[in-house]
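Descriptive structure summary
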Amino acid sequence: MQVDTTIEFKPKQRRGLIVWVYSLRQLKNLKRYGLVHYVSRKLKYVVLYLDEVGFEETMAKIEHLHFVRNVEPSYRPDVEMNFADKIGTKAAYQVADDDGFDVEELNTTIRLAENV
């Protein structure tokens, strides 16, 4: 008997959601929408992680709950996180809209802690 070892693990794509609430009594109700990552008892907000599939519909459902004050989605999946091609170039200092600011690139040397 052979065991199939070609099973791949693919993590689900998730997105964070910050839910501002009036009271934390209904915290159990939020647990059924996604994974509760953090609860701030002082500032009364909950950080949830929801699946990317159906995120907008779930966010709309959470917004209409009577104990929810405000809902803010995380924008981290929308931000490009590849900075390797921009570090040390003028592209890193460019702004999308031209405000008339000129940025000069200074010649700096990077010193490692071993050589200091």
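This section reports on the structure supplied with the text. In this numbering scheme, every chain counts its residues from 1 along its sequence in written order. Under the rules for a predicted model, residues below a pLDDT of 70 receive no local features and side-chain atom pairs below 80 are neither given nor counted, while totals for whole chains, interfaces and linings still include all residues. The side-chain values count all of the structure's non-hydrogen atoms but skip hydrogen atoms and water molecules.

Attention now moves to the side chain of R15. Put simply, DSSP marks the helices as runs of H or I at least four residues long and the strands as runs of E at least two long, and each gets a number from the N terminus on. Within the element layout of this structure, R15 appears in strand β1 (residues 14-21). In this structure the side chain of R15 is engaged in a polar contact, spanning 3.1 Å, whose partner is the backbone oxygen of S74. Any N or O atom pair separated by 3.5 Å or less is treated as a polar contact, with the protein-specific requirement of one donor-capable and one acceptor-capable atom, and with residues adjacent in sequence counted only for side-chain atom pairs.

Attention now goes to the sheet that holds strand β2 (residues 35-40). Where strands meet in a sheet, backbone hydrogen bonds hold them as pairs that are either parallel or antiparallel. Strand order in this open sheet of 4 strands is β2-β3-β1-β4, and the pairing throughout is antiparallel. Edge positions in the sheet fall to β2 and β4 (68-73), since each has one partner strand and no second. Recorded for the sheet is a direction-independent mean angle of 25° between the axes of neighbouring strands. Two strands form a pair only when DSSP identifies at least two bridges running between them. Strand direction decides the pairing type here: β2 and strand β3 (residues 45-51), joined by 5 bridges, are antiparallel. Across the sheet, residue Y38 finds its bridge partner in β3, namely V47. Here, residues are in contact when the closest pair of their heavy atoms is within 4.5 Å. Every axis corresponds to a line fitted to the C-alpha atoms, with the helix fit spanning only the stretch in contact, and the corresponding angles, defined between N-to-C directions, vary from 0 to 180 degrees. Most of the contacts of helix α2 (residues 55-63) go to β4, to which it runs at about 160°, and overall it touches β1, β3 and β4.

Turning our attention to the nonpolar core. Ranked by size, the top nonpolar core spans 16 residues in total, and within it L17, V19, L30, L48, I62, V68 and V71 carry the most contacts. With sequence-adjacent residues up to four places away left out, V19 is seen in contact with L30, K44, Y45, V46, L48, I62, V68, N70 and V71. Remark: nonpolar core denotes a set of buried residues (Ala, Val, Leu, Ile, Met, Phe, Trp, Tyr, Cys) joined through side-chain atoms within 4.5 Å. Here's how the labels work: a residue is buried when its accessible area is under 20% of the maximum for its type, exposed when over 50%, partly exposed in between, all with a 1.4 Å probe on protein chains only.

Of note, the phi angle at K44 is positive, near 60°, even though the residue is not glycine. With respect to the element layout, K44 can be found in the loop between β2 and β3.

So, on to α2. Among all positions in α2, only F55, T58, M59 and I62 are buried. Looking down the long axis of α2, one finds its buried residues gathered within 100° of arc, a one-sided arrangement. In α2, the exposed positions angled more than 90 degrees off the buried face are occupied by E56, E57 and K61. Looking at the buried side of α2, the elements it contacts are β1, α1 (27-31), β3 and β4. In this description, the arc belongs to the directions extending from the helix axis to the C-beta atoms.

Our next topic: the packing of aromatic side chains. Under the pairing criterion, centres of Phe, Tyr and Trp rings, with the six-membered ring standing for Trp, must be within 6.5 Å; the plane angle then separates stacked pairs below 30 degrees from edge-to-face pairs above 60, leaving the rest tilted. One pass over the structure, following the stated rule, counts 2 aromatic pairs. Where W20 meets Y45, the ring centres are 5.0 Å apart and the plane angle is 45°; that geometry is what we call tilted. One end of the pair, W20, is in strand β1; the other, Y45, is in strand β3, with 25 residues separating them in the sequence. Take Y45: its relative accessible area is 18%, and that puts it in the buried class. Each ring, one from Y38 and one from Y45, has its centre 6.0 Å from the other, and the planes form 50°; the classification is tilted. For Y38, a relative accessible area of 43% gives the class partly exposed. Here a set of aromatic residues connected by ring pairs shows up, and it is made of W20, Y38 and Y45.

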